[in-house]
Amino acid sequence: MKRCTNLSDFYPDDYVEWLMSSLRLTSTDLASDRIVEPLHHLHRTWMHGSGGTSVNYDDSALLCAYAVYYMTVQMPKLWFMFERCPTLADGVDTTSAAPDIIDLGCGPGTFTWAWLFYVMARSPGAPVPIRRVRCVDRSPRCLAVARQLSEELKRRYLPLQHVVFEFVEADWRDHIGAQCGVMIFGNVLVEAEESGLPMVPSSADNVVIIEPGTRPHFQILRHVRDAFIGKKWSITFPCTSANACPMQQDNWCHFHINRFVLPLIQRLSNRTGRRNPRHNFIGFVFARSSQPRDVPGWRVLSRLRRVKRSGVRYLCDGSHLVEAVLNRKDKNDTNRVFLTAEAGDAITIDTAGAPAADLVRTGRIRAGDRVRDVGKALELPHPKP
Ligand SMILES: C[S@@+](CC[C@H](N)C(=O)[O-])C[C@H]1O[C@@H](n2cnc3c(N)ncnc32)[C@H](O)[C@@H]1O
């Protein structure tokens, strides 16, 4: 059984075979205009068009290209969040009589599959602790593709045999009050700008939101965040703060994954001229219980910038956004984690001697400060098969 040391390890070994046999694609199709042309179209629409609402997901060629490329690229975003918020995967409600997962605006089922792959990789061979999945979309074509993918998955994986899949053609707003362990919104809220957002689910235990990582999208999601806090939900990721978000208009809380991890994506990216490996996203996890379950302290929001051998990076604790500096003279073993943490990791900083408020005011990491990595699930021992 493979061990997961990188996000890309969460794709099952037969991921591409599964995709191709479910979508009835051959390897020649993958290199052909059948996929490449719709990818150009989708890219142009998102970059220069009027946004997601102008994409017709009932167009089968478009949807097939979306499923091959964008679905594949999106999945590690959920894994990135899982790895930095381990209680999320444990938090799936297994006792509820209602569906465990509801995926609203599911498209081809992107984050449902990502969730199942993660759980299967974490507990190899064990039945997944999810009994029901409801995929909701207004596009019948999306639902047909999602159904095909689910049937092929069940054929391949014993741990999924007991999972009941439902595919429901509806507006996601009609299912916002449904009971479930986890409600997923993947790249769908931003398509609903004019539809009365924010709406807060009433009977979900956890809500996962993954949206494109742009500044305008963050402005929409700030309102969503405020609405959840207003209804006494707590935030599990990226911060646990119920205070006003410190991000100003010119800044936004986002993360990125490397989209080039599978050869299939590398080839299609080459063919469509997409050279940038970074795929930005915004992610939130909310829990209905008022007690936050993870306490990240500070979230590292940027890569390390070196200025005259000092290190600079943005940190946020949900209340304060700080451009923190570690002067080269102050570097030592107790604060080294500040330099080595990856963007997106959570760290704690015990400020020895100086009051914690000094860090917020000056952004200075001092020689006596003890910086610790909160730890990622990838570093935890994996259960034996
Ligand atoms: C960008 S795709 C995202 C698909 C998938 N969640 C993902 O992240 O890959 C947006 C999906 O939301 C669906 N959608 C948009 N507005 C909707 C609405 N009001 N009700 C139901 N589905 C909607 C579209 O049909 C499309 O399948």
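Each chain has its residues counted from 1, running along the sequence as written. Totals for whole chains, interfaces and linings use every residue, but because this is a predicted model, local features are given only for residues with pLDDT of at least 70 and side-chain atom pairs only at 80 or more, for both listing and counting.

1. Side note on the overall build of the chain
Right, on to step 1. The helix count covers DSSP runs of H or I at least four residues long, the strand count covers runs of E at least two residues long, and both are numbered beginning at the N terminus. Regarding its fold elements, the chain presents 11 helices and 15 strands.
Right, on to step 2. Counting other C-beta atoms within 10 Å of a residue's own tells you its class, since 20 or more makes it buried, 12 or fewer makes it exposed, and anything in between is partly exposed; those C-beta atoms are placed from the backbone. Out of the 385 residues belonging to the chain, those deemed buried represent 40%.
Right, on to step 3. Residue pairs at least 24 apart in sequence account for 76% of intrachain contacts in the chain once pairs closer than 6 positions are excluded. Each residue gets a C-beta atom placed from its backbone, and two residues are in contact if those atoms lie within 7 Å.

2. Description of helix 8 (residues 215–230)
Right, on to step 1. A helix is expected to span 1.5 Å multiplied by its residue count minus one. Under the 1.5 Å per step criterion, the end-to-end length of helix 8 is 23 Å for 16 residues, consistent within 8% with the ideal 22 Å.
Right, on to step 2. Residues of helix 8 that are buried: His217, Phe218, Leu221, Val224, Arg225 and Phe228. All buried residues of helix 8 fall inside an arc of 115° around its axis, so they share one side. Along helix 8, exposed side chains directed more than 90 degrees from the buried face belong to Pro216, Gln219, His223 and Gly230. The reported arc concerns the directions from the helix axis to the C-beta atoms and nothing else.

3. Description of helix 7 (residues 140–156)
Residues lying three or four places apart along an α-helix face the same way, a consequence of the helix completing one turn every 3.6 residues.
Right, on to step 1. Taking 1.5 Å per residue, 17 residues should reach 24 Å; helix 7 reaches 25 Å between its end C-alpha atoms and fits that length.
Right, on to step 2. Those residues of helix 7 lying buried are Cys142, Leu143, Val145, Ala146, Leu149, Ser150 and Leu153. One face of helix 7 carries all of its buried residues, which in axial projection span an arc of 160°. Along helix 7, exposed side chains directed more than 90 degrees from the buried face belong to Pro140, Glu151 and Arg155.
Right, on to step 3. Where helix 7 is buried, its residues contact helix 1 (15–23), helix 4 (60–83), helix 6 (110–122), strand 2 (132–137) and strand 3 (164–169).

4. Remarks on the site of the ligand
Right, on to step 1. For each residue, a C-beta atom is placed from the backbone, and the residue counts as near a molecule or strand when that atom lies within 6 Å of it. Taken together, the neighbourhood of the ligand is formed by 20 residues, with Gly105, Gly107, Thr110, Gly186 and Asn187 sitting nearest.
Right, on to step 2. Of all the secondary structure elements, the ones that give two or more residues to the shell around the ligand are helix 4 and helix 6.
Right, on to step 3. A class-by-class count of the residues in the shell around the ligand yields eight nonpolar, eight polar and four charged. Here the term charged refers only to Asp, Glu, Lys and Arg, the term nonpolar to Ala, Val, Leu, Ile, Met, Phe, Trp, Tyr, Cys and Pro, and the term polar to all other amino acids, Gly among them.

5. Quick word on the pairing of strand 1 (residues 101–104)
Right, on to step 1. The side-chain alternation of strand 1 yields two buried faces, one formed by Ile101 and Asp103 and the other by Ile102 and Leu104.
Right, on to step 2. Pairing of strand 1 with strand 2, which is carried by four bridges, proceeds in the parallel orientation. Looking at the pairing, Asp103 lines up with Cys135 of strand 2.
Right, on to step 3. Whether a crossover is right-handed depends on one test, that the path from the first strand over the helix to the second runs clockwise when the strands point away from the viewer. Viewed along the sheet, the connection from strand 1 through helix 6 into strand 2 turns out right-handed.
Right, on to step 4. Strand direction decides the pairing type here: strand 1 and strand 4 (residues 180–186), joined by four bridges, are parallel. In this analysis, strands are considered paired if DSSP registers two or more bridges between them.

6. Re the environment of Lys329
Right, on to step 1. For Lys329, the location among the structural elements is in the loop between strand 12 (321–326) and helix 10 (337–340).
Right, on to step 2. Spatially, the C-alpha atoms of Lys329 and Arg309 are 9.3 Å apart, while their sequence positions differ by 20 residues.

7. A word on the packing of helix 1 against helix 7
Right, on to step 1. To get an axis, a line is fitted to the C-alpha atoms, and for a helix only the part in contact is used. The angle between two axes follows their N-to-C directions and goes from 0 to 180 degrees. Contact geometry for helix 1 and helix 7: axes closest at 9 Å, N-to-C directions at 130°. It follows from the interaxial angle that helix 1 and helix 7 lie oblique. Considering the relative orientation of helix 1 and helix 7, their crossing is right-handed. Contact residues: Trp18, Ser21 and Ser22 in helix 1; Gln148, Leu149, Glu152, Leu153 and Arg156 in helix 7.
Right, on to step 2. Partitioning the contact of helix 1 with helix 7 into residue classes produces three nonpolar, three polar and two charged. Each angle receives one of four descriptions, namely roughly parallel if under 35 degrees, roughly antiparallel if over 145, roughly perpendicular if within 65 to 115, and oblique otherwise. Each helix crossing is assigned a hand: it is left-handed if the near helix lies turned anticlockwise from the far helix by less than a right angle, otherwise right-handed if that turn is clockwise.

8. Some thoughts on the packing of helix 4 against helix 6
Right, on to step 1. Between helix 4 and helix 6, the shortest axis-to-axis distance is 9 Å and the interhelical angle comes to 50°. Taken together, helix 4 and helix 6 sit at an angle that is classed as oblique. When you trace helix 4 past helix 6, the crossing you get is right-handed. Only Thr110, Phe111, Ala114, Trp115 and Tyr118 of helix 6 make contact with helix 4, whose side of the interface consists of Met71, Gln74, Met75, Leu78, Trp79 and Phe82.
Right, on to step 2. Considering only residue class, the contact of helix 4 with helix 6 consists of nine nonpolar, two polar and no charged.

9. Observations regarding the environment of Trp172
Right, on to step 1. Tracing the chain through its elements places Trp172 in the loop between strand 3 and strand 4.
Right, on to step 2. As a C-alpha pair, Trp172 and Val188 span 16 residues in sequence and 9.2 Å in three-dimensional space.

10. Here's the deal with the confidence of the model for the chain
Right, on to step 1. Confidence of the predictor in every single residue is expressed as pLDDT, which spans 0 to 100. Mean pLDDT over the chain stands at 88; residues scoring 70 or higher make up 88%.
Right, on to step 2. Between residues 381–385, whose pLDDT stays under 50, and residues either more than four places distant or in other chains, the model counts seven contacts.

11. So, the nonpolar core
Right, on to step 1. Core membership is restricted to buried Ala, Val, Leu, Ile, Met, Phe, Trp, Tyr and Cys residues, and these are joined into a nonpolar core through C-beta atoms within 7 Å. Core analysis: the biggest nonpolar cluster contains 101 residues, and Tyr69, Leu78, Trp79, Leu104, Ala114, Tyr118 and Ile209 have the highest contact counts within it.
Right, on to step 2. Mapped onto the domain boundaries, this core takes at least three residues apiece from domain 1 (7–287) and domain 2 (298–374).
Right, on to step 3. If sequence neighbours within four positions are ignored, Trp79 has contacts with Leu7, Phe10, Ala114 and Tyr118. Domain delimitation in this document rests on an assignment produced automatically or drawn from a domain database.

12. Section: unusual backbone geometry
Right, on to step 1. Cis geometry marks the peptide bond from Phe237 to Pro238; its omega dihedral reads 5°.
Right, on to step 2. The phi dihedral of Arg24 is positive, around 55°, even though this residue is not glycine.
Right, on to step 3. Position of Arg24 among the secondary structure elements: in the loop between helix 1 and helix 2 (27–30).
Right, on to step 4. Its 9 C-beta neighbours within 10 Å are what place Arg24 among the exposed residues.
Right, on to step 5. In this structure, Lys308 is a non-glycine residue whose phi angle is positive, near 50°.
Right, on to step 6. Take Lys308: it is sitting in the loop between strand 10 (305–307) and strand 11 (310–316).

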